[in-house]
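Residues per chain, in single letters:
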Amino acid sequence: MSARGANGFTLVEVLVALAITAIALLAGVQATSALTRNAERQGQLLLAQICAENELIRTKLTGELPGAGSSSASCPQAGVTLQVQRNVQPTPNPNFRRVDAIVQQDGVPVLQLSTVVGRW
């Protein structure tokens, strides 16, 4: 081999380096995508928790024992409209009711919170 050819990289070496770089960049893009999806999910859960807690607090603040049954309401938060379904169920003790607040976005359940409400 001449001295002139020994100074550079072979085509195979360049292709291997490019392949390694491409794999590393792909892994970085996938990790970034996963972090972005997780951040969006956390934001959605936070808004859903605010809606569910508001509904449960509203039920407690009425000062009355809620009747058994279901109701729903919309909950606009940060430009997103979530649906909150409130389910009231009797308990073995007639002085208490179980209240579930189920938050949905586009018909998909996001979060459910429950509490027990009693007579004042």
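The structure displayed is predicted, hence computed values, not measured ones. (Residues numbered from 1 in each chain as written. Predicted model: local features only at pLDDT ≥ 70, side-chain atom pairs only at ≥ 80, totals over all residues. Heavy atoms only, no water.)

*Asks:* Can you help me understand the pairing of strand β3 (residues 96-105) in this one?
*Replies:* Within a regular strand, the side chains alternate between the two sheet faces. Inspection of the sheet shows strand β2 (residues 80-90) paired to β3 by 8 bridges, in the antiparallel sense. Paired with V84 across the bridge in β3 is V103. A loop of 5 residues connects β2 with β3, the two strands running antiparallel in sequence. Bridge count between β3 and strand β4 (residues 108-118): 10 bridges; the pairing is antiparallel. What sits directly across from Q104, in β4, is P109. In this structure, the hairpin formed by β3 and β4 is closed by a connection of 2 residues, where D106 is found at a positive phi of approximately 55°. (Pairing = 2+ DSSP bridges. Helix = DSSP H or I, 4+ residues; strand = E, 2+ residues; numbered from the N terminus.)

*Asks:* Help me understand the pairing of strand β1 (residues 69-77) in this model?
*Replies:* Where β1 meets β2, 9 bridges bridge the pair, whose relative direction is antiparallel. For P76, the partnering residue across the bridge sits in β2 and is T81. Where β1 folds back on β2, the antiparallel hairpin that results is connected by 2 residues, among which A78 adopts a positive phi of roughly 55°.

*Asks:* So what exactly am I meant to see when it comes to the nonpolar core here?
*Replies:* Generally speaking, nonpolar side chains in soluble globular proteins are found buried as a group. Membership of the largest hydrophobic core comes to 14 residues, with the highest contact counts inside it found for A48, C51, L82, V84, V99, A101 and V103. Of all the secondary structure elements, the ones that give two or more residues to this core are α1 (11-61), β2, β3 and β4. The leading source of residues in this core is α1, at 5 residues. Once residues within four sequence positions are removed from consideration, C51 is found in contact with C75, Q77, L82, V84 and V103. (Core = buried A, V, L, I, M, F, W, Y, C linked by side-chain atoms within 4.5 Å. Buried < 20%, exposed > 50% of the residue type's maximum accessible area, 1.4 Å probe, protein only. Contact = heavy atoms within 4.5 Å.)

*Asks:* What is the right way to read the sheet that holds β4 from this model?
*Replies:* Reading across from one edge, β1-β2-β3-β4 is the order of the 4 strands in this open sheet, with antiparallel pairing throughout. At either end of the open sheet lies a strand with only one pairing partner, and these are β1 and β4. Geometrically, the sheet is characterised by an average inter-axis angle of 20° between neighbouring strands, direction not taken into account. α1 contacts β1, β2, β3 and β4 of the sheet and is inclined by roughly 25° relative to β4. (Axes fitted to C-alpha atoms, helices over the stretch in contact; angles between N-to-C directions.)

*Asks:* Just checking my understanding: could you explain the state of the cysteines for this structure?
*Replies:* As used in these notes, a disulfide is a covalent bond between sulfur atoms, one from each of two cysteines. Tallied over the entire structure, the rule returns 1 disulfide. The disulfide partner of C51 is C75, and the gap between their sulfur atoms is 2.1 Å. Of note, the bridge from C51 to C75 carries an S-S torsion of about -85° and is left-handed in sense. With a gap of 24 residues between them, C51 in helix α1 and C75 in strand β1 connect regions that are remote in the sequence. Pair check on accessibility: C51 and C75 agree, each one buried. (Disulfide = S-S within 2.5 Å.)

*Asks:* Please clarify how α1 should be interpreted in this entry.
*Replies:* An α-helix turns once per 3.6 residues; consequently, residues spaced three or four apart project the same way. A rise of 1.5 Å per residue sets the reference length of α1, with its 51 residues, at 75 Å; its end C-alpha atoms lie 75 Å apart and thus fit the reference within 8%. For α1, the set of buried residues is L47, A48, C51, A52, E55, L56 and T59. For α1, the secondary structure elements touched by its buried residues are β1, β2, β3 and β4. Once α1 finishes, G63 follows within two positions and takes phi at roughly 80°, a positive value. (Expected span 1.5 Å × (residues − 1).)

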